[in-house]
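Examination of the molecular architecture
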Amino acid sequence: MLELFRYFFEVFFWVPAVLLALNLVHSFDVGGASLSVASSQHLLAITLVAAWAIWARRRENWAWTQIAFGVLSLGLLRLIIAFNPYSMYGAIIWGLAFLGMLFQHRRMQRPTAAGNTAAPKVATSMPPAEGQLPYQQPQAPTYNYDHKVQVARYTFDDIVGMADTKRRLLAAAEEIIGDEGANRNGMLLFGEPGNGKTLFAEALAGQLVIPFFSLAYGDVASPWVNETPMKVKAAFDRARRAGVCVFFVDEFDSFVKARFSRSSHTMDQDLTNVILTEVVALRGSRVVLVAATNFLDKLDGASIREGRFDYKIEVPSPDFEARQAILRKSIGDALGFAAVAGNVVTSLADRWEGFSASRLSKVGDELKSMRRDGQIGQGKVSFDNGMLAMRQMVGRRGKLPEKVLSIDEIIMPAQSRDALKDLAFKMKNIASLEKIGGRVPVGLAFIGPPGTGKTAAAMALAKASEWAFLKITGAEIMADPESWDKLVREAKDIRPAVVFLDEADDILRDRRYSNHGTLTNKLLTTLDGGGGRVRDVIYVAATNYYDRLDEAATRGGRFEEKIVFDVPSADDMQRYATKKLTTLAGTNYRILPATLDALALALAGRAIANADAVIQKTIDSAAVRALREQIAEIRPDDVEAAVCTVFADRCRIRPRR
């Protein structure tokens, strides 16, 4: 009885298809291609039922889905060529069905990842029943990383200098490969970007004459849930099958994000758990695991402990010998090795301590572009050419705003102006200065009342010396202590640079009376070179209250040189105010007699910033009159109104008439 029911059920699914076939044949016998509304309704209904009956029978099988779509297409095509109101419905339904086909095909193909997966193997779970198409159950996908295991292109002989880093890498690798290394594994390379961590890992494989397997996050990333951990497992399995090899995991911080941070996602946590398990599983093998990161502090704490990475090796910026080799090759490849003298390369390498290998390697290309654009001649590359190339490579970071005043244009005591001009000259010729025993100060203190031009003087100093300019305030550091560290890193990266600390009174205040002693210590440690003294960075602190500063901040080796600012003398202020008001008035306004005298009298003993505000308010007052009364004049009354606006203590209340 059961067999009879099953047979009836199998036959029933084909009945709508047979009825559809008969309907299609009969439709051309009556009226040609045209169909009546009733016939169209009947044809549409039976087409949908026939297609659904076939698809529902094996909806997870792609072959049956294609058959169902074919049946649907035949019925709807007949409806479309009838050219009646139902033809449009037929076209819409066919379009939706086609999109459904695409979606079904994409869904069935998800287990196979392009480029990293082999074709899924197919196994038949059980013999198909009579009259059925075979049902295929896809197995779990496999991932092939054979193409990532390569012969190393470099050895340590290709890396000039960096002897200590090479020694530590080689010693650790030999210990891992040797018998005594059975319980130790994992080298974590860290350091600033661009210093060649990938190159060191590949050169290590070349030095040991073993295969090099490099894996980046992009090699395992997947939009599908749980596929990235599966790929990671496959990659570690491939490394184990290679036997002795260097297995290099780049961008390690992308694999093991801190699991307990607020930004951590569940999938990130799963990936971290998997890779940490696989790292431990490599212990006892002869696979030399090397991971690299630029952000050691962002890694999950459990990932860098001993037992997972027993060797932590910093890859620093190139040493002097390496810098010479990088510069010689970079300039030689771009302009020819005869284009630069050996002493110039030596001087540049000595000057650029702390710069990354990637930056140094681009100097040659920048010099080539400068020669093409006519910025430098066709002769040998000079030291100044190299310094200019490095400054241009910085780009817009640290660039001064437009219309920065020159040192001569700033109203300040003559002695201070001369000191500032001498300092700018020394900064511009710092390399030659140091060769004959001179030096520039690490830090300067700009001292004076508010609004006396300290900020303008700092920018003028950067402009005259052609150094980059970076600015921060004491309030910004107190609000975000990390902002100082970021600024110092940027200054090191774009040097030569002037770092201007505005409103330094609170941050450098005597620590006996300050609530920010820790931040003060951080700033002073930077000036002392606690993290390594960096050349070509000058720190300038501006203060309105010099007597409040901590004595330790103003001693030698820190903010040791002081430049004093004060309100201009009466004669200086008169010259400044006359020139500025005349410039702003231009040809738009006529300055009435006694206006300039009134302005000079009002600004006597005032700071430059206040003078600028009064002059601008004077122009504003005249502009309002010009718009209302069509009279373009600057009068003493405009000066009086401006003074009343800026200085409340000088405002005279006029009685009403």
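Because the structure is predicted, anything quoted here is derived from the model rather than measured. (Residues numbered from 1 in each chain as written. Predicted model: local features only at pLDDT ≥ 70, side-chain atom pairs only at ≥ 80, totals over all residues. Heavy atoms only, no water.)

A few words now on the overall build of the protein. The secondary structure content of the protein amounts to 25 helices and 15 strands. Counting over 657 residues, the protein shows a buried share of 43%. Here the protein has roughly 34,700 Å² of accessible surface; of this, 56% comes from carbon and sulfur atoms. (Helix = DSSP H or I, 4+ residues; strand = E, 2+ residues; numbered from the N terminus. Buried < 20%, exposed > 50% of the residue type's maximum accessible area, 1.4 Å probe, protein only. Areas by Shrake-Rupley, 256 points an atom, 1.4 Å probe, with all protein chains shown as cover.)

What follows covers the pattern of salt bridges. As enumerated under the stated definition, the model contains 30 salt bridges in all. As a salt-bridge pair, Glu 466 and Lys 428 come within 3.5 Å of each other at their nearest N and O atoms. A residue pair is termed long-range when its members are at least 10 positions apart, and Glu 466 in the loop between α18 (454–465) and β10 (468–473) and Lys 428 in helix α16 (residues 414–428) qualify at 38 residues. The exposure class assigned to Glu 466 is partly exposed, which follows from its relative accessible area of 40%. Judged by its relative accessible area of 48%, Lys 428 falls in the partly exposed class. Residue Arg 625 is joined to Asp 638 by a salt bridge in which the shortest nitrogen-to-oxygen separation is 2.6 Å. Of this pair, Arg 625 sits in helix α24 (residues 608–629) while Asp 638 sits in helix α25 (residues 636–646), and the two are 13 residues apart along the sequence. (Salt bridge = Lys/Arg side-chain N within 4 Å of Asp/Glu carboxyl O.)

Turning our eyes to something else, we now look at the side chain of Lys 197. The residue Lys 197 is located in helix α7 (residues 197–208) in this model. In this structure Lys 197 is buried but unpaired, with Asp 250 as the nearest side chain of opposite charge at 7.2 Å. Separated by 3.4 Å, the side chain of Lys 197 and the backbone oxygen of Gly 191 make a polar contact. The residues contacting Lys 197, other than those within four sequence positions of it, are Leu 189, Phe 190, Gly 191, Glu 192, Phe 248, Ala 292, Thr 293, Asn 294 and Val 315. (Lys, Arg positive; Asp, Glu negative; His and termini not counted. Polar contact = N/O pair within 3.5 Å; in protein donor to acceptor, adjacent residues only side chain to side chain. Contact = heavy atoms within 4.5 Å.)

Here we come to the sheet that holds strand β13 (residues 559–564). Spatially, β10-β11-β12-β9-β13 is the arrangement adopted by the 5 strands of the open sheet, whose pairing is parallel. Both outer strands of the open sheet, β10 and β13, are each paired with one neighbouring strand and no more. Within the sheet, the average angular offset between the axes of one strand and its neighbour, ignoring direction, is 25°. One ladder, built from 5 bridges, connects strand β9 (residues 443–447) with β13; its direction is parallel. Counted as the bridge partner of Gly 443 is Phe 559 from β13. In the packing of helix α20 (residues 482–494) onto the sheet, contacts are made with β10, β11 (497–502) and β12 (537–543), and the angle to β10 comes to roughly 175°. (Pairing = 2+ DSSP bridges. Axes fitted to C-alpha atoms, helices over the stretch in contact; angles between N-to-C directions.)

With respect to the helices and strands, Arg 509 occurs in the loop between β11 and α21 (517–528). Measuring from C-alpha to C-alpha, the distance between Arg 509 and Tyr 546 comes to 9.1 Å, with 37 residues separating the pair along the chain. Excluding its chain neighbours within four sequence positions, the residues that come into contact with Arg 509 are Ser 514, Thr 520, Arg 548, Leu 549 and Asp 550.

Judged from the 4 bridges that link them, strand β4 (residues 187–190) and strand β7 (residues 287–293) form a sheet pairing that is parallel. Bridge pairing in β7 links Leu 189 to Ala 292. In this sheet, strand β8 (residues 311–314) lies alongside β4 in parallel orientation, the contact comprising 4 bridges. Residue pairing in the sheet places Met 187 in a bridge with Tyr 311 of β8.

With that settled, the discussion passes to the packing of helix α6 (residues 163–177) against α7. Closest axis-to-axis distance for the α6/α7 pair is 10 Å, and the angle between their directions is 55°. On the basis of the axis angle, α6 is oblique to α7. Taken as a pair, α6 and α7 cross one another with a handedness that is right-handed. Only Phe 200, Leu 204, Gln 207 and Leu 208 of α7 make contact with α6, whose side of the interface consists of Thr 165, Lys 166, Leu 169, Leu 170, Ala 173, Glu 174 and Ile 177. Its residues assigned to classes, the contact of α6 with α7 shows 7 nonpolar, 2 polar and 2 charged. (Parallel < 35°, antiparallel > 145°, perpendicular 65-115°, else oblique. Left-handed = near helix turned anticlockwise from the far one by under 90°. Nonpolar A, V, L, I, M, F, W, Y, C, P; charged D, E, K, R; others polar.)

This next bit is on α24. For α24, spanning 22 residues, the distance from its first C-alpha to its last is 32 Å, which sits close to the expected 32 Å at 1.5 Å a residue. The complete set of buried residues in α24 reads Ile 608, Ala 611, Val 614, Ile 615, Thr 618, Ile 619, Ala 622, Arg 625 and Ala 626. Down the axis of α24, the smallest arc covering the buried residues is 135°, so these residues share one side. Facing away from the buried side of α24 by more than 90 degrees, the exposed set consists of Leu 627 and Arg 628. In this fold, the buried residues of α24 make contact with α22 (570–585), α23 (595–603), β15 (633–634) and α25. Trailing α24 by a residue or two, Gln 630 shows a phi angle of about 60°, which is positive. (Expected span 1.5 Å × (residues − 1). Arc of directions from axis to C-beta.)

Taken together, Met 88, Tyr 89, Ile 92, Trp 94, Leu 96, Phe 98, Leu 99 and Leu 102 make up a surface patch of nonpolar side chains, about 810 Å² in accessible area. For Met 88, the location among the structural elements is in helix α5 (residues 85–109). (Patch = residues over 30% accessible without salt bridge, like charges linked within 9 Å, V, L, I, M, F, W, Y side chains within 5 Å.)

Within the fold, Val 534 resides in the loop between α21 and β12. Considering only alpha carbons, one finds Val 534 and Trp 352, 182 residues apart in sequence, at a separation of 9.4 Å. Each residue touching Val 534, except ones within four places of it in the same chain, is listed here: Lys 492 and Arg 495.

Okay, α22 next. Across its 16 residues, α22 extends 22 Å between first and last C-alpha, which sits within 8% of the 22 Å expected from 1.5 Å per residue. Turning to α22, its buried residues number three or more, namely Met 573, Tyr 576, Ala 577, Leu 581 and Ala 585. One side of α22 holds all its buried residues, which, seen down the axis, span an arc of 145°. Structural note: α22 exposes Asp 571, Arg 575, Lys 579 and Thr 583 on the side pointing more than 90 degrees away from its buried face. Taken together, the buried residues of α22 touch β14 (590–591), α23, α24 and β15. At the C-terminal side of α22, Gly 586 shows a positive phi close to 55°.

The next thing to look at is the environment of Leu 524. Following the sequence through the fold, Leu 524 ends up in helix α21. For Leu 524, a relative accessible area of 3% gives the class buried. A sequence separation of 28 residues divides Leu 524 from Ala 552, and the C-alpha atoms of the two residues are 8.2 Å apart. When residues no more than four places from it in sequence are discounted, the contact partners of Leu 524 are Arg 511, Ala 552, Ala 553 and Arg 558.

What follows is about the sheet that holds strand β5 (residues 212–215). With respect to topology, 6 strands assemble into an open sheet ordered β3-β5-β6-β7-β4-β8, the strand pairing being mixed. A strand with exactly one partner marks an edge of an open sheet, and here the two such strands are β3 (149–150) and β8. With 4 bridges connecting them, β5 and strand β6 (residues 245–249) associate as parallel partners. Residue Phe 212 lies in a different strand from β6, and its bridge partner there is Val 246. Across the sheet, α7 lies against β4, β5, β6 and β7, angled at about 170° from β6, the strand it touches most. Most of the contacts of helix α8 (residues 227–242) go to β6, to which it runs at about 160°, and overall it touches β3, β5, β6 and β7.

Nothing here speaks to function; it is all geometry.
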